[in-house]
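One letter stands for each residue in the lines below.
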Amino acid sequence: AGFIKSPLSQKRLTQDSVELYCEAIGNPIPEIQWWFEGNEPNETYAQLWDGARQDRVKINATYNLHSTSTIYIANLTSDDSGMYECRASNDPDRNHLSKSPKVKWIRSQANVFVIERPEIKTQVTGVPGKLILSCNITAPYPTIKGHEWMHGDKILQTDTESSASTSYTIEGKMEEHSGVYDCVYKTNPVIKAQVNISVPPQVMAYKKSEHGNEGDTGVLTCKNPSFPPVISWVWYKNGQEVSAPIINGSGRYIIKSSGNKTELRILKLNIEEDTGDYHCNATNSYGFGGATVNLRVRSRLAALWPFLGIVAEVLVLVTIIFIYEKRRKPDEVLD
């Protein structure tokens, strides 16, 4: 037996993707093939293989106790509309060029409709103390049953209106709310567009002041919570020119930067050379920004001073008690 576990009819937009899943049971374990028939009148079934359609088709199959296969088609076009057929057979002659197999191929089908993606115009409007995000879908478009505004996985606003336009208002400054927002149209299939609030890097130091002991490794960290991501990070020390940044791997410096975070490590800290302010500068497609971290290097003996102070206080106290007791003894004997 063979069957497709995905919905038998699916609607998708151009540029979207679709995935179909098929299972087959038999002894011996059957082979699974994928075939396609387009919507053109004279078009017939043609077999699909992994890497077909300019590598947009991916087929994965496993044969363990029973057969499973998944076909994934990326960046859909209108030509991808049609009937997808999963075929399974375990007849030894199933792929013979001249012999007809004794056991017929078992088939299961799913119809995929690819609809032209409508254009959505997006806009960000800034007014004093507010940001207005808007989306406007162009005709023709499917029946709209409502809208949603999302930021990541969080739903910010939802309604049941059928209008082609929708908006969302954010209280505050643009720098405080940068990121990618989605306007979602509740249609079949769902239509969505991205609205980007983009600003120069809003760099923050993980700690404005860092402390380290002489001879240890100092770690200074900066991050950028804003959008778009940082393209490049640069570190330099106060008093040095911006045109002469700290080079990764030079001397005792190691720089690790990944996306919106950067880290400067200084090996074997030196009190005289390494104490001071360090600047982390970030650049993205909208500009640049920076932050300052102050590094203080302490002597290795610095941690001992509080302990030595306590020891000295104890010694003084013991000495006073000893002297006091010494002076009291003659009086006690006379009594």
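Residues numbered from 1 in each chain as written. Predicted model: local features only at pLDDT ≥ 70, side-chain atom pairs only at ≥ 80, totals over all residues. Heavy atoms only, no water.

Going by what an unreviewed UniProt entry lists, the protein chain is known as Basigin and is assigned to Herpetotheres cachinnans.

1. So, the domain arrangement of the protein chain
Splitting the protein chain by domain gives domain 1 (2-115), domain 2 (120-197) and domain 3 (204-298). Computed over C-alpha atoms, the centres of domain 2 and domain 3 are 38 Å apart. (Domains from an automatic or database assignment.)

2. Here's the deal with unusual backbone geometry
At the junction of Asn27 and Pro28, the peptide bond is cis and its omega measures out at 0° in the coordinates. Within the secondary structure layout, Pro28 lies in the loop between β3 (18-24) and β4 (31-38). The omega torsion of the bond from Phe227 to Pro228 falls at 5°, within 30 degrees of zero and hence cis. Its place among the elements puts Pro228 in the loop between β19 (218-223) and β20 (232-237). Of note, Gln54 is a non-glycine position whose phi angle comes to about 55°, a positive value. Following the sequence through the fold, Gln54 ends up in helix α1 (residues 52-55). Here Asp55, not a glycine, exhibits a phi torsion of approximately 65°, which is positive. The residue Asp55 is located in helix α1 in this model. (Helix = DSSP H or I, 4+ residues; strand = E, 2+ residues; numbered from the N terminus.)

3. Notes on the UniProt feature "domain: Ig-like" (unreviewed entry) in the protein chain
Taking the numbering used here, the UniProt-annotated feature "domain: Ig-like" (unreviewed entry) corresponds to residues 16-104, 118-198 and 201-298. Counted over residues 118-198, helix gives 0% and strand 59%. Its end C-alpha atoms are 24 Å apart. (UniProt positions renumbered as here; feature names shortened; annotations may be inferred.)

4. Examining the sheet that holds strand β11 (residues 130-137)
Here three strands make up an open sheet; going across it, the order is β10-β11-β14 and the pairing antiparallel. Sheet topology places β10 (120-127) and β14 (165-171) at the edges, where each strand pairs with a single neighbour. Here the average twist between neighbouring strands, direction ignored, is 15°. Both β10 and β11 contribute to a ladder of eight bridges, which runs antiparallel. Across the sheet, residue Gly126 finds its bridge partner in β11, namely Leu131. (Pairing = 2+ DSSP bridges. Axes fitted to C-alpha atoms, helices over the stretch in contact; angles between N-to-C directions.)

5. A short note on the packing of aromatic side chains
Going through the model one piece at a time under the given rule, you end up with two aromatic pairs. When the ring of Phe36 is compared with that of Tyr84, the centres are 4.7 Å apart and the planes differ by 45°; the resulting orientation is tilted. Pair noted here: Phe36 is in strand β4 and Tyr84 is in strand β8 (residues 82-89), with a separation of 48 residues, a long-range link. By relative accessible area, which is 6% here, Phe36 ends up buried. The exposure class of Tyr84 is buried, given its relative accessible area of 1%. Pairing Trp149 with Tyr168 gives two aromatic rings, centres 6.1 Å apart and planes at 25°, and the pair type is stacked. (Phe/Tyr/Trp six-rings, centres within 6.5 Å; stacked < 30°, edge-to-face > 60°. Buried < 20%, exposed > 50% of the residue type's maximum accessible area, 1.4 Å probe, protein only.)

6. Some thoughts on the environment of Trp105
Along the chain, Trp105 falls in the loop between β8 and β9 (106-115). C-alpha separation for the pair Trp105 and Asn90, spaced 15 residues apart in sequence, amounts to 8.4 Å. When sequence neighbours within four positions are dropped, the list of residues in contact with Trp105 reads Glu31, Gln33, Arg87, Ala88, Ser89, Arg94 and Asn95. (Contact = heavy atoms within 4.5 Å.)

7. Side note on the pattern of salt bridges
One pass over the full model with this rule turns up ten salt bridges. With a shortest N-O distance of 3.0 Å, Asp55 and Lys58 are connected by a salt bridge. Looking at Asp55, the relative accessible area reads 46%, which means it is partly exposed. A relative accessible area of 33% means that Lys58 is categorised as partly exposed. A salt bridge links Asp274 to Arg252; the shortest N-O distance between them is 2.9 Å. Residue Asp274 is found in helix α2 (residues 271-274), and its partner Arg252 is found in the loop between β20 and β21 (253-258); the two are separated by 22 residues along the sequence. Its relative accessible area of 1% is what places Asp274 among the buried residues. The class for Arg252 is partly exposed, based on a relative accessible area of 25%. Taken together, the shared-partner salt bridges connect Arg53, Arg56 and Asp80 into one network. (Salt bridge = Lys/Arg side-chain N within 4 Å of Asp/Glu carboxyl O.)

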